[in-house]
Amino acid sequence: MLDKTDLKLLSLLQQDCTLSLQALADAVNLTTTPCWKRLKKLEDDGIIRARVALLDGDKIGLSLTAFMFVKTQQHSRDWYLAFVSVVSSMPEVMAFYRMAGEYDYLLRIQVADMKSYDAFYKRLVNGVPGLIDVTSSFAMEEIKYTTALPVAP
């Protein structure tokens, strides 16, 4: 069970994962050794999955965000595993969900432009049999984006 100190550490790391151990310890009123042990446990338990740098897609030439909705009539385990393998290996796919509702899957895709999206689309639909409906929507403006989960200490 996470306590207030764990939640505070998680909140701080989501804002800036480059904070030093000393800065984190000071912020939660611990010395460095117990703070390090808490961080290690959070990592070992899989609560902290990774520490990464978040990039600005526009500034590195990946300014088109597409949301792809996929329907299929294939629901066997073998098809699912093959589909997951193909989609997961495509670096343009930033997020990939199995859905309840009208569509079976949702993908968030980040590419340079429409031509790049078209190439991605063709690779996907030609690489996976059994897709019956693939519909996409394109983001015109990013209004809010965060990777921080709402953990309030």
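In this text the structure is predicted, and so the values were computed from the model without any measurement. (Residues numbered from 1 in each chain as written. Predicted model: local features only at pLDDT ≥ 70, side-chain atom pairs only at ≥ 80, totals over all residues. Heavy atoms only, no water.)

### Points about the packing of helix α1 (residues 4-15) against helix α3 (residues 32-44)
Piece 1. α3 packs onto α1 with a crossing angle of 75 degrees between their chain directions and a minimal axis gap of 11 Å. By the criterion of interaxial angle, the relationship of α1 to α3 is roughly perpendicular. Along the contact surface, α1 presents Thr5, Asp6, Leu9, Leu10 and Leu13, while α3 presents Cys35, Arg38, Leu39 and Leu42.
Piece 2. Taken together, the residues of the contact of α1 with α3 sort by class into six nonpolar, one polar and two charged. (Axes fitted to C-alpha atoms, helices over the stretch in contact; angles between N-to-C directions. Helix = DSSP H or I, 4+ residues; strand = E, 2+ residues; numbered from the N terminus. Parallel < 35°, antiparallel > 145°, perpendicular 65-115°, else oblique. Contact = heavy atoms within 4.5 Å. Nonpolar A, V, L, I, M, F, W, Y, C, P; charged D, E, K, R; others polar.)

### Describing α1
Piece 1. In this model, α1 (12 residues) spans 17 Å end to end at C-alpha, consistent with the 16 Å of a helix rising 1.5 Å per residue.
Piece 2. Within α1, the full set of buried residues consists of Asp6, Leu7, Leu9, Leu10, Ser11, Leu12 and Leu13.
Piece 3. Looking at the buried residues of α1, the elements they touch are α2 (21-27) and α3. (Expected span 1.5 Å × (residues − 1). Buried < 20%, exposed > 50% of the residue type's maximum accessible area, 1.4 Å probe, protein only.)

### Side note on the nonpolar core
Soluble globular proteins tend to pack their nonpolar side chains together in the buried interior.
Piece 1. Among the nonpolar cores identified, the biggest contains 19 residues, and Met68, Phe83, Leu107, Phe120 and Leu124 are the most heavily contacted of them.
Piece 2. Going through the elements one at a time, β1 (64-72), α4 (77-88), β3 (105-111), α5 (114-127) and β4 (131-138) are the ones with two or more residues in this core.
Piece 3. In this structure Leu107 touches Ala66, Phe67, Met68, Val70, Val87, Val93, Ala95, Phe96, Phe120 and Leu124, once residues within four positions along its chain are discounted.
Piece 4. Grouped together as the second largest cluster of nonpolar side chains are 11 residues, Leu10, Leu12, Leu42 and Ile48 included. (Core = buried A, V, L, I, M, F, W, Y, C linked by side-chain atoms within 4.5 Å.)

### Focus: α5
Piece 1. The first and last C-alpha atoms of α5 sit 19 Å apart over 14 residues, in line with the 20 Å expected at 1.5 Å per residue.
Piece 2. Taken together, the buried positions of α5 are occupied by Tyr117, Phe120 and Leu124. Looking straight down α5, one finds that the buried residues subtend no more than 65 degrees of arc, so they occupy a single side. Those residues of α5 that are exposed and angled more than 90 degrees off the buried face are Lys115 and Asn126.
Piece 3. Turning to α5, the residues buried within the fold contact β1, α4, β2 (93-98), β3 and β4.
Piece 4. At the N-terminal end of α5, a side-chain oxygen is found 3.3 Å from the backbone nitrogen of Lys115, two or three residues along, and the residue is Asp113. (Arc of directions from axis to C-beta. Polar contact = N/O pair within 3.5 Å; in protein donor to acceptor, adjacent residues only side chain to side chain.)

### Here's the deal with the pattern of salt bridges
Piece 1. A full pass over the atoms with the stated rule returns eight salt bridges.
Piece 2. Between Lys41 and Asp45 there is a salt bridge, with its nearest N and O atoms 2.7 Å apart.
Piece 3. For Asp45, a relative accessible area of 46% gives the class partly exposed.
Piece 4. Between Asp118 and Lys122 there is a salt bridge, with its nearest N and O atoms 3.0 Å apart. Of this pair, Asp118 and Lys122 both sit in helix α5, four residues apart, which is roughly one turn of that helix. (Salt bridge = Lys/Arg side-chain N within 4 Å of Asp/Glu carboxyl O.)

### Brief notes about the side chain of Asp104
Piece 1. Along the polypeptide, Asp104 turns up in the loop between β2 and β3.
Piece 2. Of the side chains bearing the opposite charge, Lys71 lies closest to the buried Asp104, which forms no salt bridge; the N-O distance is 7.6 Å.
Piece 3. Leaving out residues up to four positions away in the same chain, Asp104 has contacts with Val70, Lys71, Thr72, His75, Tyr97, Arg98 and Met99. (Lys, Arg positive; Asp, Glu negative; His and termini not counted.)

### Looking at the sheet that holds β3
Piece 1. Judged by pairing direction, the sheet is antiparallel, and its four strands sit side by side in the order β2-β3-β1-β4 without closing on themselves. Looking at the sheet topology across the chains shown, the edges are occupied by β2 and β4. Recorded for the sheet is a direction-independent mean angle of 20 degrees between the axes of neighbouring strands.
Piece 2. With seven bridges connecting them, β1 and β4 associate as antiparallel partners. Following the sheet pairing, Met68 is matched in β4 by Ser136.
Piece 3. Contacting β1, β2, β3 and β4, α4 runs over the sheet at an angle of about 160 degrees to β2. (Pairing = 2+ DSSP bridges.)

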